[in-house]
Amino acid sequence: MASSGRGTFISSTNSFNPSGSSFASTPQKPLFAQQRAQKRSGAPSTRGPLQPSRLGQAVMYNDDEDEREPNQQEIKANRSGTFGLPFDDTYDLDDSSILMSGAPGGDLEMRDDDSDLMMLNTPAATERVRKEAAGIFRASVAQSGPRIRDLRFAALAKDVYTQMGTAPLLEPGELILNTERLVTRLYDEGVGEEENEEKLDEALAHVAGELTDLWKRAISDFPQPDEEHTVEIGPGPNTSPLEKATYLANLALHVHHERYEDNTGRTRPTPLPETLFKWLDEYHNVYSGQTEEILRYKPSPASHALFWQAIFVALLRGKVDDAAKLLRQAGWDKVQKDNGENKYINRALESVQLATAETVAMLENCPGYHEDWDIWNSDWTLWRVRTRGALDHLRRFAEGRDNMLGNSIFSDFSASLTSTRNRESMAGLARRAESQVPWEIYEKLNIIFDIVLGSKNAILDAAQDWCEATIGLTAWWDDRRADKFGNPLSMARSQALTLAPQSAITDSYLDRLNNAFHVAVEDEFYLNSHNPVEVGIACIFEDNVKGLIGLLRGWSLPIASAVAEIASLGGWLPQHQPGAFFMEGLDQDDLDVLGVDPTAPDEIDGIKDSTLIQYAQKLTDDEDIGTIADHMGEFRDGWELAIHVLGRMDSQERSEEMIGILVRHIVDSLHVDSNEVVDKTWSLLNELGMIPYAEEVVETYAEILARDSHRYGEAMWYFALAHKPHKVREVTNLLISYSLIQSTAFPPNEELDDWLHRLLNERNETLEQCVKQDLEAAELLGKMLSGYASLRQYFVIRDDEAILPNATPYARKQQAATALVNVIASSDDNIRGGLLDPTRDGIVSEDFLLALLGEALAFVTNPDNTNVHLGQQALPILNLDQIDIILKAVEDLQAVSDRVRNTCEEFLQIVLASAPGGLKGSTPADLLKKNASGSLVLAGSAMVATQLKNSLSGGLVGSGAKMNPVKRGWDWRANMPAKTTGDDVMRRLRLGVAKDLAGLWLADADNAVW
């Protein structure tokens, strides 16, 4: 295909193994040391490396039969020639038997004697009908359902890969990362919301090609073993497991996904013979340079001992041009006998030249000569018909029954002879010749015709091993040849292929490869069952994908998993059926006989999912891969790759189960500094659509932050990512409770974590970034944080003079009051009208309402102050709307149930006790101990109680702890009398608000402010 001009997608490089690995190099020792065993005895064959084969014995000749008259009784038996054609003179090129034995597309003609019922009762006819029925069945299956192939080596393959086990993860980190990158790209480019087979096929071809190039580059740097070993099929026994896996994976991906671009720009599957010929030349070539060596041989190429064998091998390996070149430049006039005389002279030389020129013309007209290996198209059909005619023509000439070989079927051969001869003189010489072509030449030319016309015996005799025989049979074998009655064996299948879709044609090529392989190994060739590589090639030829993946898994998990995923997407890995589906009713003895273990992972999960699970487990345990940067310069841990791998399993249920196990493993290892791991895990699980697992990870991490750190803003964000509003509320309640107990902003500015600092000071920008990650989480966080943010704003305005530096004390109080009243309104939201309604989902808990009303005492007139009654001027801080909000809150709190009132009262007592020089004889910690079993757990979570207790017991706000003095603008608790209760606070607030409200009304009436 290299010279055909086709664009191949499967591989982006021209040389399969540019580094010259052991399995692609040409040995300098005997060209073929692979031994073959006799079919029955199993002993090695005695045929040496590239010795002249037994092909010379393939053509038998009997002079007595040539002397018989055409009308003799023996003629009725139709003595067959090399390709089953009659030797008598009644043969005609237009005989329907030639057309009927052609390639797909030929017309099926019924013979008159087929209607003879007596003939149908003969064993031969029964066999013919059976084969015809088998052909019809295969054709129907090709169009209507999945392929059913004969997997004779499946049990052997299973035994081999079971003994091999699973390979350790020893591949270079770059290979693992790049393999994962290409497989991910396959899903991105080939798998969409809508099925697009053409797009998927193109993506499979591109990614398969890049993967094979990647793996070949990885092994190119490996040192080659120096130990000598017998030349065999595939890499030697001392090569690395990665090389063996690459060897098989490359062949499998080529067989299924090599593509070319046709004249219309569409990508189409490369014909399988062409693909196999290329692979054979690059991977299993012990004949490198042989053609050139023979052409340089003196006195002539035809004098070389391996001249004919080289021609046969060239044809078997698809090098039709090399075979034609050898014949064309044979140098027959220089071939010498043992005594030094020319072997072919005068008329014998001219006959040899004529016969070989006819053969060269036949080869030059072969579509394979022009790199067209679509053996079922019309060009091949016509060429086979013409070649059969040319063979008959040549045979008649060589055997002296036809003296007009010059009238070639393919072309005028006069140009192939010397210019001093003309057609008339050659014809005259031919007519006078008694023996037109020397027997040894005629015999070899017959073999050439036998090979190209698909003679099974000729192909097997020319091959050196079962691999070469299989590929030669796949390309040349005429498995639709006529039987001895002249009837085609499988024309129904051929005719079905003319109208079948491209996928059916591809499957038929695989059927042909399967049949060719079985024919090859049924001959005397020896398949080494102790060599896993040969067993793997057998799996590819049989289309036993399960066995192939099992063997690859024993050498390289990254390659095995990639091939399994491509095979699954490409449709050449059969869909897994659980063992129980077809084993129902079988007892353990039956299963033992079948060699099936229903409890094996491959039987439960299928070969693909089982391989991905094992690969993911190895990735999770690999700690080194996280130190290697990928092509984008990013670092990815093994567990991260493992989640990607598990997410591509066929069974969604099993995928979620295994990811759940991995997630729990990740969760168990989390600590307060695992934010990068958590972010990556959350992103991966969301990409895979496994939202519950993603939320589990971030929620667990948020709980760790809330429990073991003071990074409250970060904890709130991860709780929001987990879509847990009550958890976010717990953190905000914790911050509000700290702030109210200390009557200052908590945490101090210098102790704010990065997340909380950005949420408070760069609110809009931070939430915009959160929206890009999760809109719902960003909205939840912004909503829940607003109450705490407003309370903190109140304390900051009160205590920090740097805020509003140009404001007057009165204006500063107004700004602070505005922020505080907003918090009071939010806290009162759940008890509107004195009825607790949790569904209103107030942002600030109602448990804080009494403490918040206590903070509001600073903005109302002290009822003990009588200045307003003496006519002295007073300046109310609150406006009418704010007074209305405070009065509603007081009314609601007084009307609400005792349970809510009691909770508010308990928290108020903690706040009062936490004041500098608070209540004598008790501490806030004592109050917490006293009420820990009651309603002090403000948000319904032990987390808040624990944090609060730790703080009050000597942590952040402990009474006995040394702490920096808090600078407050004022402290409403400073002048509160001992044993102050919630009722006292509300009573003082009512009186103060009443005086302020009266003052506002008077001011409005008199247009003056007191």
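Just so it is clear, the structure is predicted and the values come from calculations on it, not from any experiment.

A. Representation of the side chain of T681 in the model. Along the chain, the position of T681 falls in helix α29 (residues 675-687). Classification of T681 as buried rests on a relative accessible area of 0%. Among the polar contacts made by the side chain of T681, one reaches the main-chain carbonyl oxygen of V677 at a distance of 2.7 Å. In this view, T681 contacts W639, I643, I666 and V697; residues no more than four positions away in its chain are not counted.

B. Summary view of unusual backbone geometry. A cis amide bond, omega 15 degrees, links K298 with the succeeding residue P299. With respect to the helices and strands, the residue P299 is situated in the loop between α9 (290-295) and α10 (307-316). Although it is not a glycine, D543 adopts a positive phi angle of roughly 65 degrees. Positionally, D543 belongs in the loop between α20 (532-542) and α21 (545-553). For H723, which is not glycine, the phi torsion reads 60 degrees and is therefore positive. Checked against the element boundaries, H723 lands in the loop between α31 (712-721) and α32 (725-742).

C. How the structure looks around the packing of aromatic side chains. Summed over the entire model, instances satisfying the criterion amount to 27 aromatic pairs. Taking 5.9 Å as the distance between ring centres and 65 degrees as the angle between the ring planes, the aromatic pair formed by W380 and W476 counts as edge-to-face. Of this pair, W380 sits in helix α13 (residues 378-398) while W476 sits in helix α17 (residues 466-476), and the two are 96 residues apart along the sequence. Taking relative accessible area as the criterion, W380 reaches 1% and is therefore assigned buried. Residue classification places W476 among the buried residues on the basis of a relative accessible area of 4%. Grouping aromatic residues by their ring pairs yields a cluster made of F277, W373, W380, W383 and W476. Sitting over the face of the ring of W970, K813 holds its NZ or CZ atom 5.3 Å from the ring centroid.

D. A look at the environment of L453. Inspection of the secondary structure puts L453 in the loop between α15 (439-452) and α16 (456-462). Given a relative accessible area of 1%, L453 falls into the buried group. Residues L453 and W477 lie 24 residues apart in sequence; the distance between their C-alpha atoms is 7.3 Å.

E. Representation of the nonpolar core. The biggest cluster of nonpolar side chains holds 129 residues, and the ones touching the most others in it are W332, W476 and F541. Per-element tally for this core: the top contributor is helix α6 (residues 197-220), with 10 residues. Residues within four places of W332 in sequence aside, it is in contact with A302, F307, W308, L327, Y344, L349, V352, Q353, T356 and I441.

F. Layout of the environment of V667. Mapped onto the fold, V667 is located in helix α28 (residues 652-668). For the pair V667 and V677, spaced 10 residues apart in the sequence, the C-alpha separation amounts to 9.9 Å. Setting aside residues up to four positions removed in sequence, V667 forms contacts with V697 and T700.

Analysis parameters
- Residues numbered from 1 in each chain as written.
- Predicted model: local features only at pLDDT ≥ 70, side-chain atom pairs only at ≥ 80, totals over all residues.
- Heavy atoms only, no water.
- Helix = DSSP H or I, 4+ residues; strand = E, 2+ residues; numbered from the N terminus.
- Buried < 20%, exposed > 50% of the residue type's maximum accessible area, 1.4 Å probe, protein only.
- Polar contact = N/O pair within 3.5 Å; in protein donor to acceptor, adjacent residues only side chain to side chain.
- Contact = heavy atoms within 4.5 Å.
- Phe/Tyr/Trp six-rings, centres within 6.5 Å; stacked < 30°, edge-to-face > 60°.
- Lys NZ or Arg CZ within 6 Å of the ring centre and 35° of its normal.
- Core = buried A, V, L, I, M, F, W, Y, C linked by side-chain atoms within 4.5 Å.

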